[in-house]
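Overview (structure and organization)
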Amino acid sequence: MSGQITSTLPQTSSSSLDLWREKNNRLVEQARQLTGDSRLSLRRQQLAQDTLEEFGELLLTLQGLPASVPALPLELTVICNYIILKASLAQGFTEDLTQDVQRGVERVLETQNQLEPKSQQGLQGLWHSVLSASSLLPELLPALHCLASLQAILWMSTDHLGDLALLLKTLNGIQTETSEDLLLLLKSWSPPAEKSDAPLILQDAEGLRDVLLTALACHQGLQELITGNLPQALSRLHEAASGVCPPSVLAQVYTALGTCQRKMGNPQRALLYLTAALKVGVTCALPLLEASRLYRQLGDTAAELESLQLLVEALSATPSSALKLHIEVELLLPQPDPSSPLYCGTQSQAKRLLASRCLQTGRAEDAAEHYLDLLAVLLGGSELRSSPPTSSPGPCIPELCLEAAAALIQAGRAPDALTVCEELLSRTSSLLPKMSLWENARKRTKELPYCPIWVSATHLLQGQAWSQLKARKEALSEFSQCLELLFRALPEDKEQGVGSNCEQKCQPDVALKQLQVATLLSRGLEWVASGQDTKALSDFLLSVQICPGNRDGSFYLLQTLKRLERRSEATAFWREAQNQQLQENATRSLPLYLETCLSWIHPPNCEAFLKEFGASLLEVS
């Protein structure tokens, strides 16, 4: 039937085809001119949108007529141009694009009078029918392969890799069971070249295949990197770098190669790749972040912090963007999530990382300034983000305040630390259930699970600040308030743990106990400084009951018993402690503010004293 339609088309159809071809070519040239300008403006975007609408109108015109073999090359070309332009303007792929591809395949089958029996086979079946047909004209193949490359891109973007493999096998004319290696299948595919008089197209099949090849190699390389298969990751990433790789993607690939080399123990090679990533000149943030990790691994703290400072500056710059009216590799790569080696984070996250590393490496004054700068920006709003989601785009403000207070205390700026703590309490205390209603506060606590912990930790840091100012009465009051909150904590609170930061993978029970121990030891030391060893002894004893085998608690307890000349009790405790499993350093996985606080109360001569005490007992016995 379609053959009859084709043969009875009026003679004017050839002139109409010429007019439609001219319109297609004009629209392609118009889109290319817009793409070539690096300036991104609303006017240029509107012109691109107008071009897309004209392509849509032309497509409606062509598809409003019965499918005909002479018009098919132009019709398929217009479909491809429309899809390419629409995807590039939307910076993504939508479901309606698949429908456009399917309609194009169905139009080819209509000319072969095969649509009816094949329509129930689904899109994969339609493609198999079209590509297996022996009656396809050679002039139709370039446009058909271009449409097939768009289908392949759509299937990759939706993770339909099985369908993609079957399509590539059909394109390669493979009838038997062969390797499912998508990269190998893509390399084996050689799309037919466009003829010089063919309708203009924004991207031909070969160009789209190369985009797909690079995107697939990059995606597979990153997956191998995440799973730890480093040699395979290197191979895939090298393949991506050697393909059609735009500068923005090339910088990511070089950075990922640097990550591979760092994890394989080749720091010098890693530096070469990171230098190459920086020279690409599109985005510096990602290689700078990886450079900071490399320098940290090498123990070069100064270079690490310099990289982080440059990272903060890089993330503050507004990235330049140009209008791109063709499908690029970036469109096929998913946005990196926090688990991805290509996740760079926000400027506030980078600033927080810089501040925390300064605090951890003994640069307390620098840390304090970075924290204060960050708080000045984040505390501009009146609302407090008190229960952040796991994928929050910025740092959790209460934890940030606690870290800032710890840094200020470490830097000897106790009054400023008190100011930060008071600001945090003013924002959180109203959210905390009243003490008299604590037993009935389960529902409220579930809504704000971290709030009681934040308030408790704030009192602990306030106590440390007052202690630094030699105000023992105020320090004791704050430590006592902290303990009262902690020991009234509901079971649900204990399950939640101390920190919510996704980077701090701490065990909730350990974290809560360490917060209790830190407060007990801090209050005990204040009792010792006030000459009240008996009260101090009570706090030290409770700390080792909460965390049996805790070295710091054992040190202070034995020292106090020794001062009180209660040697027999000290001996009994020592022998009992020997039968308990001694705790290793439990602060490695704790929130930074608590880790810092525990470092203040850790006695420098702890191990020597415990060994000496044990030796003295052996001599007596």
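As a starting point, this report considers the structure included with it. (Residues numbered from 1 in each chain as written. Predicted model: local features only at pLDDT ≥ 70, side-chain atom pairs only at ≥ 80, totals over all residues. Heavy atoms only, no water.)

The subject of this paragraph is the environment of Q91. Counting through the fold element by element, Q91 comes out in the loop between α4 (72-90) and α5 (95-111). Along the primary structure Q91 and H326 are separated by 235 residues, whereas in three dimensions their C-alpha atoms are 9.8 Å apart. At 2.7 Å, the side chain of Q91 forms a polar contact with the backbone oxygen of S88. (Helix = DSSP H or I, 4+ residues; strand = E, 2+ residues; numbered from the N terminus. Polar contact = N/O pair within 3.5 Å; in protein donor to acceptor, adjacent residues only side chain to side chain.)

Its identity is not glycine, yet D159 carries a phi of approximately 65°, on the positive side. Checked against the element boundaries, D159 lands in the loop between α8 (141-157) and α9 (161-171). Residue D159 is classed as exposed on the basis of its relative accessible area, which comes to 56%. Despite not being glycine, K470 shows a phi value in the positive range, around 65°. Within the secondary structure, K470 is located in the loop between α22 (451-468) and α23 (472-487). (Buried < 20%, exposed > 50% of the residue type's maximum accessible area, 1.4 Å probe, protein only.)

A separate point is the packing of aromatic side chains. Overall, the coordinates contain three aromatic pairs when judged by the stated rule. Seen from their ring centres, F540 and Y556 are 5.4 Å apart, and the 20° between their planes marks the pair as stacked. Pair noted here: F540 is in helix α26 (residues 533-546) and Y556 is in helix α27 (residues 551-563), with a separation of 16 residues, a long-range link. Both residues of the pair, F540 and Y556, belong to the buried class. Ring pairs connect the aromatic residues F540, F555 and Y556, which therefore count as one cluster. (Phe/Tyr/Trp six-rings, centres within 6.5 Å; stacked < 30°, edge-to-face > 60°.)

Moving on, we get to the packing of α27 against helix α28 (residues 567-578). Interhelical geometry of α27 versus α28 gives an angle of 155° and a closest axis separation of 8 Å. It follows from the interaxial angle that α27 and α28 lie roughly antiparallel. In the packing of α27 onto α28, the handedness of the crossing is left-handed. Across from S554, L557, L558 and L561 in α27, the residues of α28 making contact are E569, A570, F573 and W574. Class assignment of the residues belonging to the contact of α27 with α28 gives a composition of six nonpolar, one polar and one charged. (Axes fitted to C-alpha atoms, helices over the stretch in contact; angles between N-to-C directions. Parallel < 35°, antiparallel > 145°, perpendicular 65-115°, else oblique. Left-handed = near helix turned anticlockwise from the far one by under 90°. Contact = heavy atoms within 4.5 Å. Nonpolar A, V, L, I, M, F, W, Y, C, P; charged D, E, K, R; others polar.)

Next up on the list: the packing of helix α13 (residues 247-263) against helix α14 (residues 267-280). Remark: α13 packs on α14, axes separated minimally by 8 Å, with the N-to-C direction vectors making an angle of 165°. Between α13 and α14, the interaxial angle falls into the category roughly antiparallel. For the pair α13 and α14, the crossing hand works out as left-handed. Residue-level inspection shows P247, L250, A251, Y254, T255, L257, G258, Q261 and R262 of α13 in contact with α14, the latter providing R269, A270, Y273, L274, A276, A277 and V280. Among the residues forming the contact of α13 with α14, the class breakdown is 11 nonpolar, three polar and two charged.

So, on to α5. In a regular helix each residue adds 1.5 Å, so 17 residues correspond to 24 Å; α5 covers 26 Å between its end C-alpha atoms and thus fits that length. Of the residues making up α5, those classed as buried are L97, T98, D100, V101, G104, V105, E106, R107, V108, L109 and T111. Just beyond α5, the residue with positive phi is N113, at close to 55°. (Expected span 1.5 Å × (residues − 1).)

Turning our eyes to something else, we now look at the nonpolar core. The nonpolar side chains of a soluble globular protein tend to be buried with one another. Core analysis: the biggest nonpolar cluster contains 175 residues, and W127, L147, I327 and Y371 have the highest contact counts within it. When neighbours within four sequence positions are excluded, W127 is seen to be in contact with V101, V105, L144, L147, A148, Q151, W155 and L167. (Core = buried A, V, L, I, M, F, W, Y, C linked by side-chain atoms within 4.5 Å.)

Scanning the entire structure with this criterion turns up 23 salt bridges. E106 is the partner of R103 in a salt bridge, and the nearest nitrogen-oxygen pair spans 3.7 Å. On the criterion of helical spacing, the pair formed by R103 and E106 is a turn pair, its members being three residues apart in helix α5. For R103, a relative accessible area of 28% puts it in the partly exposed group. Between E110 and R107 there is a salt bridge, and its shortest N-O distance comes to 3.9 Å. In this pair, E110 and R107 both sit in helix α5, three residues apart, roughly one turn of the helix. Overall, the relative accessible area of 2% leaves R107 in the buried class. Through salt bridges with shared partners, a single ionic network connects E75, R103, E106, R107 and E110. (Salt bridge = Lys/Arg side-chain N within 4 Å of Asp/Glu carboxyl O.)

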